[in-house]
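# Understanding the architecture of this molecule
Residue strings, one per chain:
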Amino acid sequence: MLTIPCPWCGERDVHEFRSGGEAHLKRESRTDNLSDAEWADFLFLRANPKGEHAERWYHVHGCRRWFNAVRNTHTDTILAVYKPGEAKSEVSQ
Amino acid sequence: MSQSHRLPAGGRIDRSRSLSFTFDGTRYSGHPGDTLASALIANGVHLVGRSFKYHRPRGILTAGSEEPNALIQLGLGNRTEPNIRATQIELYDGLTAASQNRFPSLEFDLGAVNDTLSPLIPAGFYYKTFMWPQRGWMTYERAIRRMAGLGRAPDGPDPDRYEYRHAHCDVLVAGGGAAGLAAALAAGRAGARVIIADEQAEMGGWLLSEGDTEISAKPAVDWVEKAVTELAGMENVTLLRRTTAFGYYDHNWLGLAERVTDHLGPYAADHLPRQRLWQVRAKQVVLATGAIERPLVFGQNDRPGIMLAASLRSYISRYGARPGKALVVFTNNDSGYRTALAAHHAGIGVAAIIDSRAEASGPLPQSARAAGLRIYEGHAIIATTGRLRVDSVRLGRLAASGDRIEGAGFGIPCDLVAMSGGWNPNVSLFSQSRGKLDFRAEDGVFVPGQSFQPLRSAGACNGVLSTADCLAEGFAAGAEAAREAGFANRKPAALKVTEPDCPAAAPFWLAPPEKPLARAKCFVDFQNDVTAADLKLAVREGFQSVEHVKRYTTTGMGTDQGRTSNVNALAIVSATLGMEMPAVGTTTFRPPYTPTSFGAIAGRNIGALFDPVRRTPIHEWHAAHGAKFENVGQWVRAWYYPKPGEDMHAAVNREVKAARTGVGILDASTLGKIMVKGPDAAEFLNRVYTNSWLKLGIGKARYGLMLGEDGMVRDDGVTVRLGEDRFLMSTTTGNAATVMTSLEDYLQTEWPELKVYLTSVTEQYATITINGPKSRELLAALTDDIDTGNEAFPHMSLREGTVAGVPARVIRISFTGELSFEINVRASQGKAVWEALIEAGAPFDITPYGTEAMHVLRAEKGFIIVGQETDGSMTPDDLGMGWAVSKVKPDFVGKRSLTRSDTVREGRKQLVGLLTEDPKEVLEEGAHVVQVALQQPPMAMLGHVTSSYYSPNLERSIALAVLKGGRALIGKTLSVPMPDKVIKVTVTEPVFFDPKGERANG
Ligand SMILES: [Zn+2]
């Protein structure tokens, strides 16, 4: 059971959140310009790393805001959280 | 009632009081402080169960929660509980216990024929034998389950109460032995909030069983009492006895199961829960979970009367019991001698100490020699005898290599065997925390290595053995944990400990048996009946990974998770493979540490509290008028309203007819409602719906389809424009929260530039639909400020005004194809408006209708329900709703996917209607549709029935279905195969009633 520090509310139990999968997938505003391969990449293909993973979380039972987190998928450590639109923080290394 | 095997004095039992209990119907007595196991031993009872596979007689092996054999059916009736370890059951007066896995009785068990047949039941027997023919497994399984299996679950509901407790602390200490108490003292004195949990009734761990250990020149138990008193006096310390830390999860979140009143049986106070599940978030954790003695693997090492050496010491010192009269000790280390001496001092005859080492010269062996005990160095037990209890051991001299016996074996009579193969650090919780284990070759143990959570291991679970080391590690760990949590402190000074020196043991994995190994019954896993021969067979058959061997042989797969067997199994497998133990792997421990009751896990989330119930503001009226209800998600909705003498069919038919001939009234308050506000609200809707929204006039309503980015229909509903920057969106009943989450996602992460605000208003409004040709007259009768005329209030529009004297939004829309008005009022006024409509509707014979009639009415019109006609794989075109998708909008969610090769291919499933040959035949929803029905499956499937009803307006059955290439099949006859018959159906358009849609506009 993780605790996740919501960038607006602070550290909360994972029960309050919903996971939204990989972060920084940019949805083009004119998707009809995309080739099948580009669209398939956006729609279906997700990174599945063992290690650092930037992902989206929704504080559904809290401030109702989406944000991003960098989590180590192996240790489940949350390395950073940041707001939508902010660049992926430089973490670890 | 004699307690024939009770020592005359000693032990932590209250001899002034006697407790009566029964085991398999026989009455015995014990004392407060006894466990069921110690009380049985004090009454001379060793035979307590039959083994899982061979039904061999089994006795009490241990004195703790690692017990694999003594699994008991405890209690009666709905309070009975299976598979409880006798070593953990505290005795109370009137306790009723029974053995398991035997028929008809423990002494005479028919299943024991499996033991005779055991050469025929090798490792993987079930896999090998019952694989073919596949369908036979159904029969075999039933027979196997009757023969095997452990205890029985109660038949009725659990009458007891369970609770949750959520807690935070700075330092959680798991285990209350020497190391755990020391850690709690150090952290508690520093001021940290400490929770210390121990699974036993008393804190102290092994110190309670070691009569020869002194701390600060006093018996160890005195130090335990002092430590517990000090901890109990600290406000920042919570002491939890009878509490098992059973699960170590992410981010230092641990589950503890506290058995609050189990030990009181029927004498528990009513206000207390039976068990309490603690969910603890700890800044730091100290694991002080001790060590578990390792059994020795030798021929017929499983007979009742054979137990672990330190456990025997526990029965003697802690419980004042005398497990036998003639003891043989079999050991590979000095602690076996400690047991022999304890038994000797308690007046138990010690027939022999058999030591696998060529020479035993430590202080304990010297004391044993001085006491005149007979020692066989360089020997091993090669067989045992005795039917229901061991009555002799046979031993032989080990060759220097240790893997065979030299010369002839010989026998020694005995009724008790104590075995000691060294100590395995109890790393279960550490392993659960994802910690990596390191292998320590000199004594063949796994010790905690790298950890991935803020924790430290201390004491025997960390691989140290002496009390002095355990105390020192505990003090250090507690002080460090407190410091890490922000509490500066000094480590307590070391204590002087006097105890016999017991160095770590050199491993001795398998004593060469007298018989060939395959028939020698050298048990490794007592609970699952896995022998050394089974493990070697698995390796011969090609299994190399210990995880595979485990599953193939079932070693370590019992309720004890192989606590006494895993390391021995690993050693035998790696020796057979000729590999180092760490190269073969370790097994992973998983929660729960010991079986945890479902009651504790469920807590109060049962019955009415299992899931929140949502009722509409008009619910009471429905209930008062005899409605039958159905659950839709968490909502309770009126299903139909039977009149006296009506069955469901008759009631629904009447409701459906009334809604098309007079006026029906439906409580639609459960529809999801989201207020969409802001200057960019129209643009936002334009992006999330498939059709156009920018030009929708104020006061107009529009139906919209919402897709996922994959192009599949996710939701639908009608949205009305209340103003330039305000829309009221409706979603399907079950989908409101999901839609809201998805909309917030787009707004916040994809299009943050849009100024739009979303508010859920589902529960703020009551929604009442009046439906049918008389609905306009009814509405007109209750409003004086809304012009209800057909031109003044056209289809798909909104009017705001008053209805029955209260402010209302009225939307003229239709989910039935009839003239229909949806009246939205404040939730608090919903019931009053409903009652006013019922009263004003009396002249029209107004008919309340429920969800079932609503479904029939919409199915007559071929209107889809998301989640019924769709399953996440239907595009708008599949549903025949291409008309709802804009051809001109540059983009909307899901648009790009509508031109994917898969969404435009031929042969996709499409929505169609089905009419049965026999108009009275109502298809089953979910039934498969095929071109030609064969005698038996498999048959090529075209699709399935999604909705099916009897339509009283059409006086025949109707159904909707999704079929591959469905629209091209219209007019064709297909088959729906059912278990007892084949139903012929004709494919039709999915609209059965008023296909031109004239009635809603009337
Ligand atoms: Zn938040």
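Residues numbered from 1 in each chain as written. Chains lettered and ligands numbered in written order. Predicted model: local features only at pLDDT ≥ 70, side-chain atom pairs only at ≥ 80, totals over all residues. Heavy atoms only, no water.

As named in an unreviewed UniProt entry, chain B is Sarcosine oxidase subunit alpha, taken from Oceanibaculum pacificum. UniProt annotates chain B under Sequence similarities (unreviewed entry) with the comment "Belongs to the GcvT family." (UniProt positions renumbered as here; feature names shortened; annotations may be inferred.)

Chain A is annotated in an unreviewed UniProt entry as Sarcosine oxidase subunit delta of Oceanibaculum pacificum.

## Focus on the overall build of chain B
In terms of helices and strands, chain B carries 25 helices and 51 strands. Viewed in the frame of its principal axes, chain B has a C-alpha envelope of about 115 × 70 × 55 Å. Sorting the 1002 residues of chain B into buried and exposed places 59% on the buried side. By sequence separation, contacts in chain B at least 24 residues apart represent 66% of the contacts at least 6 residues apart. For chain B, the accessible surface area stands at approximately 40200 Å², while carbon and sulfur atoms represent 54% of it. Of the charged side chains in chain B, 108 are positive and 108 negative; the average position of the first set lies 2 Å away from that of the second. (Helix = DSSP H or I, 4+ residues; strand = E, 2+ residues; numbered from the N terminus. Buried < 20%, exposed > 50% of the residue type's maximum accessible area, 1.4 Å probe, protein only. Contact = heavy atoms within 4.5 Å. Areas by Shrake-Rupley, 256 points an atom, 1.4 Å probe, with all protein chains shown as cover. Lys, Arg positive; Asp, Glu negative; His and termini not counted. Charge placed at Lys NZ, Arg CZ, Asp CG, Glu CD.)

## Looking at the coordination of the zinc ion
Residue and element names in this part refer to chain A. Binding of the zinc ion to the protein goes through Cys 6 (SG), Cys 9 (SG), His 59 (ND1) and Cys 63 (SG), at separations of 2.0 to 2.3 Å. One way to put it: the 4 donor atoms around the zinc ion meet at angles of 104 to 114 degrees, and that makes the site tetrahedral. Going along the chain, you hit the donors of the zinc ion in the pattern C-x2-C-x49-H-x3-C. One end of the pair, Cys 9, is in the loop between strand S1 (3-6) and strand S2 (10-13); the other, His 59, is in the loop between strand S4 (52-58) and strand S5 (66-72), and 50 residues separate them in sequence. Taking the relative accessible area as the measure of exposure, Cys 9 reaches 27% and is therefore partly exposed. (Donors = N, O, S within 2.8 Å, 3.2 Å for Na, K, Ca; no water. Tetrahedral: all angles 85-135°; square planar, octahedral: opposite > 155°, others 65-115°.)

## Here we look at the nonpolar core
Residue and element names in this part refer to chain B. The biggest cluster of nonpolar side chains holds 51 residues, and the ones touching the most others in it are Leu 36, Leu 95, Leu 327 and Ile 353. In terms of residues, this core owes the most to one element, helix H1 (residues 36-42), which gives 6 residues. When we break this core down by domain, the ones giving at least three residues each are domain 1 (1-159) and domain 3 (292-424 + 504-584). Within the second largest apolar cluster, 47 residues are counted, among which are Ala 245, Leu 429, Val 524 and Leu 535. (Core = buried A, V, L, I, M, F, W, Y, C linked by side-chain atoms within 4.5 Å. Domains from an automatic or database assignment.)

## Considerations on the UniProt feature "domain: GCVT N-terminal" (unreviewed entry) in chain B
Residues given the UniProt feature "domain: GCVT N-terminal" (unreviewed entry) here are residues 618-888 of chain B. Secondary structure within residues 618-888 of chain B divides into 27% helix and 29% strand; the distance between the first and last C-alpha atoms comes to 43 Å.

## Some points on the domain arrangement of chain B
Residues and elements named next belong to chain B. Looking at the assigned domains, one finds that chain B contains domain 1 (1-159), domain 2 (162-291 + 425-498), domain 3 (292-424 + 504-584) and domain 4 (906-1002). Computed from C-alpha coordinates alone, the two centres of domain 2 and domain 3 are separated by 29 Å. Domain 2 puts 21 residues into the contact, and the matching count from domain 3 is 22 residues. Each partner contributes to the roughly 1700 Å² buried at the junction of domain 2 and domain 3, and carbon and sulfur atoms together form 55% of this total. Seen at the junction of domain 2 and domain 3, the total is 3 salt bridges. Counting across the domain 2 and domain 3 interface gives 9 residue pairs in polar contact (both at pLDDT 80 or more). (Buried area = accessible area lost by both parts, 1.4 Å probe. Salt bridge = Lys/Arg side-chain N within 4 Å of Asp/Glu carboxyl O. Polar contact = N/O pair within 3.5 Å; in protein donor to acceptor, adjacent residues only side chain to side chain.)

## A few points about the UniProt feature "domain: Aminomethyltransferase C-terminal" (unreviewed entry) in chain B
Sequence positions flagged by UniProt for "domain: Aminomethyltransferase C-terminal" (unreviewed entry) are, in local numbering, residues 909-994 of chain B. The annotated region residues 909-994 of chain B carries 0% helix and 50% strand content, and the separation between its end C-alpha atoms amounts to 25 Å.

## Describing the interface of chain B and chain A
Interfaces are frequently sized by the accessible area removed from exposure as the parts join. Opposite the 28 residues of chain B that make contact, chain A presents 32 residues. Between chain B and chain A, the buried area comes to about 2600 Å², and carbon and sulfur atoms account for 45% of it. Joining chain B to chain A, the criterion identifies 7 salt bridges. Across the pair Arg 64 of chain A and Glu 744 of chain B runs a salt bridge, and its minimum N-O distance is 2.4 Å. For the pair chain B and chain A, the interface holds 20 residue pairs in polar contact (both at pLDDT 80 or more).

## Thoughts on the side chain of Asn 72 of chain A
Tracing the backbone through its elements, the reader meets Asn 72 of chain A in strand S5. Here the side chain of Asn 72 of chain A touches His 74 of chain A through a polar contact of 2.7 Å, landing on its backbone nitrogen.

## Structural notes on the sheet that holds strand S1 (residues 19-23) of chain B
Residue and element names in this part refer to chain B. Strand order in the open sheet formed by 5 strands is S2-S1-S7-S5-S6, and the pairing between neighbours is mixed. Looking at which strands have only one partner, the edges of the open sheet turn out to be strand S2 (26-30) and strand S6 (81-85). Neighbouring strand axes in the sheet, compared pairwise and without regard to direction, differ in orientation by 40 degrees on average. Bridge count between strand S5 (residues 71-74) and strand S7 (residues 95-98): 2 bridges; the pairing is antiparallel. What sits directly across from Leu 74, in S7, is Ala 97. (Pairing = 2+ DSSP bridges. Axes fitted to C-alpha atoms, helices over the stretch in contact; angles between N-to-C directions.)

## Observations concerning the pattern of salt bridges
Summed over all chains, the structure comprises 57 salt bridges over all chains. Across the pair Arg 56 of chain A and Asp 745 of chain B runs a salt bridge whose closest N-O atoms are separated by 2.5 Å. You can see Arg 56 of chain A sitting in strand S4 and its partner Asp 745 of chain B sitting in helix H21 (residues 736-750), one on each of two chains. Taken as a pair, Arg 56 of chain A and Asp 745 of chain B share a single burial class, namely buried. A salt bridge links Arg 908 of chain B to Asp 902 of chain B; the shortest N-O distance between them is 3.3 Å. For Arg 908 of chain B, a relative accessible area of 7% gives the class buried. One salt-bridge network, held together by shared partners, links Glu 55, Arg 71 and Asp 76 of chain A together with Asp 250 and Arg 434 of chain B.

## Digging into the sheet that holds strand S39 (residues 726-731) of chain B
Note: strands within a sheet are paired through backbone hydrogen bonds, in either parallel or antiparallel orientation. Residues and elements named next belong to chain B. Pairing within the open sheet is antiparallel, and its 5 strands lie in the order S37-S38-S39-S36-S40. Since the sheet does not close on itself, it has two edges, and those belong to strand S37 (701-707) and strand S40 (757-760), each with one partner. Shown here is a sheet whose adjacent strand axes are inclined to one another by a mean of 30 degrees, direction ignored. Pairing of strand S36 (residues 672-677) with S40 involves 4 bridges; the strand directions are antiparallel. Its bridge partner lying in S40, Ile 674 is registered against Ser 760.

## What to know about the packing of aromatic side chains
Residue and element names in this part refer to chain B. Tallying each qualifying case throughout the model produces 21 aromatic pairs over all chains. A centroid spacing of 5.1 Å and a plane angle of 55 degrees characterise the contact between Phe 439 and Phe 446, whose relative ring orientation is tilted. When its relative accessible area of 23% is taken as the criterion, Phe 439 is described as partly exposed. A residue is classified by how much of its surface remains accessible, and Phe 446, at 7% relative accessible area, is buried. Each residue in the set Phe 298, Phe 330 and Phe 508 is aromatic and connected to the rest through ring pairs, giving one cluster. Positioned above the aromatic ring of Tyr 376, the side-chain terminus of Arg 374 is 4.2 Å from the ring centre. Between Arg 687 and the ring centre of Trp 751, over which it is positioned, the NZ or CZ distance is 5.0 Å. (Phe/Tyr/Trp six-rings, centres within 6.5 Å; stacked < 30°, edge-to-face > 60°. Lys NZ or Arg CZ within 6 Å of the ring centre and 35° of its normal.)

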